[in-house]
Amino acid sequence: MLSQNHLHVSLLYIVLLTGTKYGCGGGGCGACTVMVSKYDQLNNRVLHYTVNACLQPICTLHGAAVVTVEGIGSTKTKLHPVQERIAKAHGSQCGFCTPGMVMSMYTLLRNKPHPTMEDIREALGGNLCRCTGYRPIIDGFKTFCDVSNAFNLFPQNDCVLNKYLIPCQISEELFHMDNVLPLDPSQDLIFPPELMIMGKKRACGSLCFQGDRLKLISPVDLTNLLELKTEYPEAPVVVGNTTIGINLLLCHLLFVIYLLCVHVHAGVSMGAVCTLSSLKEEMERAVREMEAERTRGYQALLQTLQCLAGKQIRNMATIGGNILSANPKYDLNSVLAALDCTLQVMSKENGTRAITLNEELFTGFGKTALRPDEVLLSIDIPYSKPWEFVSAFRQAQRREFAFSIVNAGMKVLFREGTNIVESLNIYYGGVGPTLVKVGRTCQKLVGRSWGEDLLADACRLLEEEVELSDSAHGGKVEYRKTLTTSFFFKFYMQVLQELRERVHIQDSALKPFKNEVPQGHHSFQLVSNAQSSQDPVGHPMMHQAAFHQATGEAQYYDDIPAVQGELFVFMVTSTRAHAKIINIDPSEALGMTGVVTFLSAGDVPGQNRRMLFNNPEELFAEEEVSCVGQIIGAVVAESREQARRAAQMVKVTYQDLLPVFFTIEEAIQHQSFFDPKRKLERGDVDKAFETVDQILEDEIYLGGQEHFYMETQGLIAVYYNFLFECPFVLSLQLQEVVGITLGIDSNKITCHVRRLGGAFGGKVMKIASLSAITATAAVNIINNNCVIRGIFTSAFLTTSFFSQVGYNNDGTIMAADITYYSNGGCTLNESLIMEKALLHMDNGYKIPNLRGRGLVCKTYLPSYTAFRGFGGPQGLMVMESVLHEVAVKCGLPPQKVREINMYREEECYTHHKQLFSPRDMLRCWDECLDKAGYHDRLQAIQQFNTSNRWKKRGISAVPMKFGVGFSKGFFNQGAALVNIYKDGSVLVAHGGTEMGQGINTKALQIASRILKVPMSSIHIKETCTGNVPNAAPSAASFGTDAVGMAVKDACEKLMRRLKPFMENHPKYTWQQWVINQHPPVGYPNAVTVWVSRGPHTDMDWENSEGPAYYYFTFGACCSEVEIDCLTGDHKNLRTDIVMDVGRSLNPALDIGQIEGGFVQGIGLYTIEELQFSLEGVLMTRGPSQYKIPALCDVPPQFNVHLLANAQNPHAIYRSKGIGEPPVFLASTIFFAIKEAVAAARRERGLGDSFPLSSPATAERIRMACEDQFTEMAPSPKKGTFKPWSINI
Ligand SMILES: Cc1cc2nc3c(=O)[nH]c(=O)nc-3n(C[C@H](O)[C@H](O)[C@H](O)COP(=O)(O)OP(=O)(O)OC[C@H]3O[C@@H](n4cnc5c(N)ncnc54)[C@H](O)[C@@H]3O)c2cc1C
Ligand code: FES
Ligand code: FES
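Residues numbered from 1 in each chain as written. Chains lettered and ligands numbered in written order. Predicted model: local features only at pLDDT ≥ 70, side-chain atom pairs only at ≥ 80, totals over all residues. Heavy atoms only, no water.

- The chain appears in an unreviewed UniProt entry as xanthine dehydrogenase from Oncorhynchus kisutch.
- Under Sequence similarities (unreviewed entry), UniProt gives the following word-for-word description of the chain: "Belongs to the xanthine dehydrogenase family."
- Here the chain is described in UniProt, under the heading Subunit (unreviewed entry), as follows: "Homodimer." (UniProt positions renumbered as here; feature names shortened; annotations may be inferred.)

So this is what it looks like as structure tokens:
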């Protein structure tokens, strides 16, 4: 008997292979991609396609072969070329997405050994990566394209090789593909002959899979299906499982029985069980082979299908499932209904009947008018008639791989030879609980001429007919209303153009953006000729674990094999934002199968409450809860699913308390702030305001961001003989917290971590509490030997700023007074990052009188923590916003105002009186503008904007000065242990955490340089508190600086000891030196604690002074975007970055960090939007609601250059830290969008000073491009309605 889990998710758990990763469990990330091969009886061929293993029920794979990443290559035997190339091209950082990427590409090559770039783009559309920025992955995979093919898509960049690149010192080659394995399809795994034989035979009986809580039956044929549907009318038909599976996994609905329908094909038109991929292929074939006029409807469908979900989902999801899921956010129904499609449905009792696909089919959200015993057989999609025009529209949070906010299908038929409307069909999805037909509007327009009058009336009628209450589910009401008229306007224009010309549309402004693959030019300085060829420092070495990551052999915490008797812990969390806990009743949960125990505050052996930055944090809420999601208790059970289910059965009784508030605005009203409140001041701000030409008051809101690391938080706690181990925890900081919680000394607690599947600041502090809870469970249960696993997710930061700026008419800013508010949630945790925001507020600008105040608001939301950049990107963004506004007010180009205000002298002081030289920042700026061809492009953009009414472009450039290191000097230290063994091999252990940034690779390069042994002879041990104690967090972009110096120190110590012996025996080999030198010194090993020997860092907040940073990393970035003024969609066109990383230790890793950080910044400033309900519940959870940048968001031209001849005396080998700084550079996209919106507004006679909050989502862009359509959807008055979500 299979368990419920096994019936569904399974591949990961049943096969016990670890290469296939579990990221989201909902088809939204692609980490679990595998290839399925099936024999297709109809066409006598074997089909290979990708699926998301997390949604693929194991039962549907009867007769299919599944290939996981382990099946195609391994480091022990031979890598597959796909694995080798992604690794060599530096396309694997944390590696968690890598197996999924590999399988998507592998499957593409199985079907098409010579793919085009477009094929690659499409194949990877359903795979997310949070680390790399996608470009290196594409670079590796494009080597499979025919050279001509690949290079056609890579036009020579007009800007790069210029005066800055002195040929013999600069390289553009981050990797080379000499000696890579060729792709040899003859080596591919064959489809198992026994499955082929099985596939060719007609199935002789139905299959039944019985789980403990559900049952799946696979019918043998249609008759059998109909019989089963009569017997079990309420049972859903599982086909692709992409709707049902999600509900089951995420909402834990229980279905008694399923009918499994995988083999049914019926009708001459599209069978209901055809996948969306096959629908797309059919439509493409028809469009290719038939006259354009007859396939207008198919072209419209293709328009939608191109952006609908990712490839894996399209391979699984069926057309029937899409229709009958009756979800208005699904895209097909509006188009199919507009096309007047007919559905053939059948039941055992009543035979076949045809029904029209229209609004009447849908009786409610998720409900249709089909009778329970009926199944859908096929969908007839008619050809288009002459004089018929069809369009489909969709607008989503992200252009690809995201549910639409509003979708529409529109069809008009004209009286032959005229522009008189004979019939009109307009359907919308996303403006109500079901599909909406605007019948009245359509009816009233019949008989009218397609002209301006019709347009005006249509918009008015649409406004009246599309009813969307101000409190409608999903929010964004004004935007959704605006989209309905904007879509119609687009349709009107498209048809008008076709009517006039009877040819295809020429005006690109009416077409949606085309998704492209990123390409890029990179340059970095080569090492000097004097450097030994054996010395790897400064070379673009591959990530040390990349091959293991690409083959799925790299282990993450969830890959540790299960041990017998291990248990799982799952949290019981508060459902109230502010309440007294009256009672906790776990009795029902404790009675459930597999449940071992329930824990709450009283079970903590040591302290339940600890102080963090002088603010209290509780492990388990004791008396009160102060946010939804606060941990109250934990259930321990034998399986994940049992623990998860039981946690929901724990009954907590609350008594609600007041006040309850969530937003910064409310916190200010309640004066609810955490201590300390920080302030920094230089000059005399108040006095300066008296003498300036102008004073500007401004405000900007910046939304928070989820870390969205692909590997969720988790840990394993082992309690053995009263010693406590956390193999594979996500932070070493937890040792202390576990000790306090359990009341035991740190020397009895060992924490290990090998690698993290991404972290970005989210795995430093929060995991400590979760580990302490898991440890408490281990101690409580058996009180001796116990293994417990826990899985959790993460948090973020939201900020808001108010500023007052004094400036002169020439753009010189004389004074600025900025107050920063951040929403810290219910405990302070790491919201002290406000300090970093204040310390970065000057960016690269010398504002003589500058004051910043930082207040962390205490609200009844979950406590927030830090994200990559630690407040820097927020602090910098505010100053750039100020500069932008001053430029607008002065009527000057923003880049000019930036230049006027930049630090220029060789010796400058920051606003906190830290001495620095801005020379390299100015070099980055000049080179960036030059390489980007900024001035020429600015002109071209102006021209573009003049000739395009509905699409506008904008360009923006910013400089950057980013502090590296901890402002609390104590943290600026690293430790390492280096052992040399008798065989000459070397072991390095250090206190850093590898999370994709390549800290281990750099440590190897450094050790190899000093010891003069190849990197292959050095092994890096997992990070462990037993080897290297008291490690500082790998954060503040300081990880490599600290660890690198420690490794260098340790290796130098060893070499000093070996040196006399080496000099006496110059002819010996390394191993002979090692083995023979021991008397009298002993075999060499060295432990080092390297403590910062550079400038002391500390901040005196009372006096607003202190060297807060070790040094500054500089950079500059220029980005260009195009916006669609009618939908708010935007396309990132090109980005150029010049970054000063000193003398790069590893240009490939550093460029990888820059690109990855920048793309995360794209998310922060343009796409990623957190939405909270009025009750303080986060609604954007998981990839289906929360969108991080996908491949389609990366600028097609993405150039990164490392500043040549840069120096840094303060860090290892003159390099600089680079982890955090690049995130901020993506603000250029935000400001370029703002420029583009301003161009649209100017054309409409509106001012170009207007508010735009970050992220600049499609909704915000559209509503800022005010026009006649936005006027039709005015914002309701505050207080007159209950909004769906709140801006915190
Ligand atoms: C990550 C992700 C992204 C997505 N993005 C999009 C998107 O951008 N746009 C979009 O439109 N959709 C999107 N979808 C939805 C997807 O297209 C639908 O889930 C899919 O089409 C449903 O088909 P299925 O075969 O998987 O249905 P199932 O989940 O197997 O079934 C769905 C429902 O249809 C019923 N059903 C299915 N076939 C029949 C039949 N022949 N007769 C009777 N009843 C039947 C079932 O009983 C069930 O109630 C996305 C889904 C995921 C998971
Ligand atoms: S884990 Fe399957 S798609 Fe995310
Ligand atoms: S390398 Fe892609 S998610 Fe980390």
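Some remarks on the site of ligand 1
Thinking step 1. Residues in contact with ligand 1 amount to 31 residues; listed here are only the nearest, Gly 240, Thr 242, Thr 243, Thr 318 and Asp 331.
Thinking step 2. Here an oxygen atom of ligand 1 sits 2.9 Å away from a polar atom, N or O, in the main chain of Asn 241.
Thinking step 3. Side-chain polar atom of Thr 243 to an oxygen atom of ligand 1: 2.6 Å apart, as the coordinates give it.
Thinking step 4. Considered on its own, ligand 1 offers 980 Å² of accessible surface; in the complex 93% of this is hidden by protein.
Thinking step 5. Among the secondary structure elements, those contributing two or more residues to the shell around ligand 1 are β7 (237–238), α10 (244–251), α14 (319–324) and β14 (375–380).
Thinking step 6. Partitioning the shell around ligand 1 into residue classes produces 19 nonpolar, 10 polar and 2 charged. (Near = heavy atom within 4 Å. Polar contact = N/O pair within 3.5 Å; in protein donor to acceptor, adjacent residues only side chain to side chain. Areas by Shrake-Rupley, 256 points an atom, 1.4 Å probe, with all protein chains shown as cover. Helix = DSSP H or I, 4+ residues; strand = E, 2+ residues; numbered from the N terminus. Nonpolar A, V, L, I, M, F, W, Y, C, P; charged D, E, K, R; others polar.)

Section: the sheet that holds strand β25 (residues 624–625)
Thinking step 1. Reading across from one edge, β25-β21-β27 is the order of the 3 strands in this open sheet, with antiparallel pairing throughout. Bordering the open sheet on either side are β25 and β27 (651–656), each of which pairs with just one other strand. (Pairing = 2+ DSSP bridges.)

Considerations on the UniProt feature "binding site: [2Fe-2S] cluster 2" (unreviewed entry) in the chain
Thinking step 1. If you check UniProt for "binding site: [2Fe-2S] cluster 2" (unreviewed entry), the listed places come out as Cys 94, Cys 97, Cys 129 and Cys 131 in our numbering. Judged by maximum C-alpha separation, these annotated positions cover 38 residues in sequence but sit close together in space, the widest gap being only 9.5 Å.
Thinking step 2. Non-local contacts of Cys 97, meaning those with residues more than four positions away in its chain, are made with Leu 128, Cys 129 and Met 710.
Thinking step 3. Its location among the elements puts Cys 131 in the loop between α5 (117–124) and α6 (135–141).
Thinking step 4. Excluding residues that lie within four positions of it along the chain, Cys 131 makes contacts with Gln 93, Cys 94, Phe 760, Gly 1152 and Gly 1156. (Contact = heavy atoms within 4.5 Å.)

A look at the nonpolar core
Thinking step 1. Phe 141, Tyr 428, Trp 450, Phe 488 and Phe 1158 are the most contacted members of the largest nonpolar core, which has 215 residues in total.
Thinking step 2. What Trp 450 contacts, discounting residues up to four positions off in sequence, is Val 412, Phe 414, Asn 419, Val 421, Phe 488, Phe 491, Tyr 492, Val 495, Leu 496 and Leu 499.
Thinking step 3. Of all hydrophobic cores here, the second largest spans 51 residues; its members include Leu 61, Ala 286, Ala 300 and Leu 301. (Core = buried A, V, L, I, M, F, W, Y, C linked by side-chain atoms within 4.5 Å. Buried < 20%, exposed > 50% of the residue type's maximum accessible area, 1.4 Å probe, protein only.)

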